[in-house]
Amino acid sequence: MSSPTRRLTVAQALVRFLSVQYTERDGVRQRLIAGTWGIFGHGNVAGLGQALLEAGEDAMPYHQGRNEQAMVHAAVGYARQLDRLSAQAVTTSIGPGATNLVTGAALATVNRLPVLLLPGDSFATRAADPLLQQLEHPVEADLTVNDTLRPVSRWFDRVTRPEALIPAALHAMRVLADPVETGAVTLALPQDVQAEAYDWPEEFFAERIWRVRRPAPDPAELAAAARAIERAARPLIVAGGGVHHSGAEDALRALADATGIPVASTQAGKGSLRHDHPADVGGIGHTGTAVCDDLARAADLVIGVGTRYTDFTTASNTLFQNPDVRFVNLNIAAFDAHKLAASSLVADARTGLDALTEALAGHRVDAGYEAEYRAGKERWERVVAAAYRGDDDAVPTQTQVLGALDAVVGDDDVVINAAGSLPGDLHKLWRARGRRQYHLEYGYSCMGYEIPAAIGVQQATPDTPVWALVGDGTYLMMPTEIVTAVQEGLPVNLLLIQNHGYASIGGLSESVGGERFGTAYRYRAADGTFSGDPLPVDLAANAGSLGMDVLRATTVRELRAALATARASDRPTCVYVETDTATATAPPAEAWWDVPVAATASREAAVRAREEYERQVAARRRHL
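This one's a predicted model, so the numbers in the text were calculated from it and none came from an experiment.

(A) Structural context of the overall build of the protein chain. Counting its regular elements, the protein chain contains 24 helices and 23 strands. For the protein chain, the C-alpha radius of gyration of 25 Å lies close to 25 Å, the compact-globule estimate for 624 residues. Along the first, second and third principal axes, the C-alpha set of the protein chain runs to 75 × 70 × 55 Å. The buried share of the protein chain, taken over its 624 residues, is 57%. Contacts in the protein chain between residues far apart in sequence, at least 24 positions, make up 76% of those at least 6 positions apart. If you sum the accessible surface of the protein chain, you get close to 24600 Å²; carbon and sulfur atoms cover 52% of it. Placing the 57 positive and 75 negative side-chain charges of the protein chain at their respective mean positions leaves the two points 4 Å apart.

So this is what it looks like as structure tokens:
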């Protein structure tokens, strides 16, 4: 007796399949693919477009985007807010629609965040060849523009026959739901195959639950980690994004409470402890706090939890200077757990931290060490207060803008940023109060991420106030999704800071001998350089023209009032402020970052920068 089948197109079958996929962790079940973003063209309009229309909003909610890259950013923000347990799909046409996915895919994969990409592709039958927007390669006939997504995807498949969708879709779900493997997953869908009918086995459409594992540590690895911690005089925990993804904040706090070990945080891990917890010493690395980086230099044991140790965290391998320093890395991925020649503790962050707390029962660091880092924490809090403080009637500096926002937000607000000078100021100064309040995309540090990500976060947690912090350079990269927020009635808040150029890269340029070349938004001067008057660009008017309510602030007092008004609004609202760039209120970097400087140059600035570079690079070490 044959099994029952259902006749559907490939696109219809895929949408139906996606609508019944679920994740489950700790007994909580939720949709794995909760909705689909899409911009339609000839490569997907009659396939996935028709399938989404036929399925209806209950089966697969559809979200209309304006830019393909931005749709991926929105999906990534959604997945991060929900601890990677629920994700969204993104469909595009072939050609530029598909290649616009590449940056967003790279961001998702770098940050280990799930998103399903469904780009249209050239005809599998080659009945018409070449197609509109088809890339013709002289020696690889099966190469299409979608192959650009291979290196930035954790799983890639091209579905060239209807029946091939079954294993491809199952593999895609496996990768998306696996905290070790997850990232961007691409199913390239030839446009003719999308519309082709097939008799699908009913079992393909049965509900499937993908259980998200919490693997426990190996007993021998756990015992070795506990021994190393007990022997250490100056241990330091480095909390990464894995703490948040695992929901391990309570477990981390319990370990810190029991042992007194101080906790540093990466950009992705900030907020793992509340800022006012006695053991929280703030950000680590190039954008870290003074107390944290001083502890890191002297640490004899560094305990990484859910971190992948980027160069900003290690200060390009110049930060951990104790000649006897060793590393223990708790990570669900063995790939990350081995870094810096560490003793690996491969496990889920929450499960591993619980096990460590039990294994270390009765152990506590020396009281003098606790007193030392707590005193350093108090000193740094005075630095934060000074950076936030400003004359109510003065034009605010950037750190005073953060101070005004700090005074307005609640514990559950989400503050989103990704690029520019803000990440450094935020990592040093922001007082994180909730587990998901601090949302910095600093794995790929992608300009243009903030506004679409705010939309994704707002979709994931509709009652949460969400703030996209954006400089003028980032805003000009991708303001398009303001229209989406307005269309969907999502009350995202945009804090738009005007400083007339690429402020972060301008400062970096100056430090490496580049003399701020090409970083200011100004008219050309008589000598041909961009050193004339600031450009008369009114970004607030632009945001207003896209449908946002706009509040302009010129002083600290006006800024606080505008932020409070925005937070209370039920509409997308932009708070626009031009900052004082002449007054320095941001603390300097407490650790180095390796940006190679020209080895030979005739300009004095570059010569001096090279001398400083050679002095700093001499401190680099390999941890073996």
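From this point on, the discussion continues.
(B) The packing of aromatic side chains, seen in detail. Within the structure shown, the criterion is met by 11 aromatic pairs. On the numbers, 5.7 Å between centres and 20 degrees between planes, the contact of Trp200 with Phe204 is stacked. This pair shows no difference in class: Trp200 is buried, exactly as Phe204 is. An aromatic cluster of three or more residues is present, and its members are Phe17, Tyr198, Trp200, Phe204 and Phe205. Of note, Arg29 hangs over the ring of Tyr22, and the distance from its end group to the ring centre comes to 4.1 Å.

(C) Seen up close, the sheet that holds strand β12 (residues 235–239). Strand order in the open sheet formed by 6 strands is β14-β13-β12-β15-β16-β17, and the pairing between neighbours is parallel. Single-partner strands in this sheet number two, and they are β14 (280–283) and β17 (343–346). Within the sheet, the average angular offset between the axes of one strand and its neighbour, ignoring direction, is 20 degrees. The pairing of β12 with strand β15 (residues 301–305) spans 5 bridges and is parallel. When the bridges of β15 are listed, Val238 appears paired with Gly304. Sheet contacts for helix α8 (residues 219–231): β15, β16 (326–331) and β17; angle to β17, the most-contacted strand, approximately 125 degrees.

(D) A look at the nonpolar core. Ile284, Leu405, Trp430, Leu469, Leu495, Leu559 and Leu563 are the most contacted members of the largest nonpolar core, which totals 82 residues. Broken down by element, the residue count for this core peaks at 6 residues, all from helix α15 (residues 367–388). Residues in contact with Leu563, not counting those within four places in the same chain, are Ala404, Leu405, Val408, Trp467, Leu495 and Val575. In terms of nonpolar packing, the next biggest core, distinct from the first, is built from 46 residues, Val115, Leu149, Ala454 and Ala543 among them.

(E) Just helix α23 (residues 556–568), in detail. Helix length check: α23, at 13 residues, gives a terminal C-alpha distance of 19 Å against a target of 18 Å (1.5 Å per residue), a fit within 8%. Considered for burial, the residues of α23 that qualify are Val556, Leu559, Ala562, Leu563 and Ala566. All buried residues of α23 lie within an arc of 120 degrees about the axis, which places them on one face of the element. Contacts made by the buried residues of α23 are with α16 (398–408), β20 (466–471), β21 (493–498), β22 (549–553) and β23 (573–578).

(F) Unusual backbone geometry, seen in detail. Between Asp129 and the following residue, Pro130, the backbone shows a cis peptide bond with an omega angle of 5 degrees. With respect to the secondary-structure elements, Pro130 resides in the loop between β7 (115–121) and β8 (155–158). Notably, Gln133 is not glycine yet its phi reads approximately 75 degrees, a positive angle. Tracing the backbone through its elements, the reader meets Gln133 in the loop between β7 and β8. The class of Gln133 is partly exposed, set by a relative accessible area of 34%.

(G) A look at empty space enclosed by the protein. Per the counting criterion, the structure on display carries 4 cavities of 30 Å³ or more. Its boundaries defined by the atoms lining it, the largest cavity holds a volume of some 60 Å³. Along its surface, the largest cavity is lined by Asp472, Leu476, Gln498, His500, Tyr521, Leu535, Val537 and Leu539. Along the lines of polarity and charge, the residues of the lining of the largest cavity split into 5 nonpolar, 2 polar and 1 charged.

Quick notes on the rules
In this convention, every chain numbers its residues from 1, walking through the sequence in written order. The model is predicted, so local features are restricted to residues of pLDDT at least 70 and side-chain atom pairs to those at 80 or more, both for listing and for counting; the totals for chains, interfaces and linings are taken over all residues. No hydrogens and no water enter the side-chain calculation; it runs on all heavy atoms of the structure. Each helix corresponds to a stretch of at least 4 residues labelled H or I by DSSP, and each strand to a stretch of at least 2 residues labelled E; elements are numbered beginning at the N terminus. The quantity called the radius of gyration is restricted to C-alpha atoms. Its globule counterpart is 2.2 Å times the number of residues to the power 0.38. Accessibility here uses a 1.4 Å probe with only protein chains present; expressed as a share of the type maximum, an area under 20% marks a residue as buried, one over 50% as exposed, and anything in between as partly exposed. We call two residues in contact whenever any of their non-hydrogen atoms come within 4.5 Å of each other. Where accessible areas are quoted, they stem from the Shrake-Rupley method and a 1.4 Å probe; at the residue level, only the protein chains shown are allowed to cover. By the counting rule applied here, Lys and Arg register as positive and Asp and Glu as negative, while His and the ends of each chain are not counted. Charge positions are represented by NZ for Lys, CZ for Arg, CG for Asp and CD for Glu. Pairing of aromatic rings covers Phe, Tyr and the six-membered ring of Trp, with a centre-to-centre limit of 6.5 Å; geometry is then stacked below 30 degrees between planes, edge-to-face above 60, and tilted otherwise. As a reminder, the over-ring test applies to NZ of lysine and CZ of arginine, requiring each to be within 6 Å of the ring centre and within 35 degrees of the ring normal. Strand pairing is defined by DSSP finding a minimum of two bridges between the two strands. For helices, the axis comes from a line fit to the C-alpha atoms of the stretch in contact; other axes are also lines fit to C-alpha atoms, and the angle between any two N-to-C directions lies between 0 and 180 degrees. Residue types Ala, Val, Leu, Ile, Met, Phe, Trp, Tyr and Cys, when buried and joined through side-chain atoms within 4.5 Å, form a set referred to as a nonpolar core. Under the convention used throughout, the expected extent of a helix is 1.5 Å for every residue step, that is, one less than its residue count. Comment: arc refers to directions from the helix axis out to C-beta atoms. As defined here, a cavity is a set of points on a 1 Å grid over the protein atoms alone where a 1.4 Å probe fits but cannot get out. A pocket is an open set with protein on both sides within 12 Å along at least five of seven lines, and residues line them when an atom is within 4 Å of a point. Grid points are joined across faces, edges and corners, and a volume is the space filled by probe spheres set on the points. Each residue receives one of three labels: charged for Asp, Glu, Lys and Arg, nonpolar for Ala, Val, Leu, Ile, Met, Phe, Trp, Tyr, Cys and Pro, and polar for the others, Gly being one of them.

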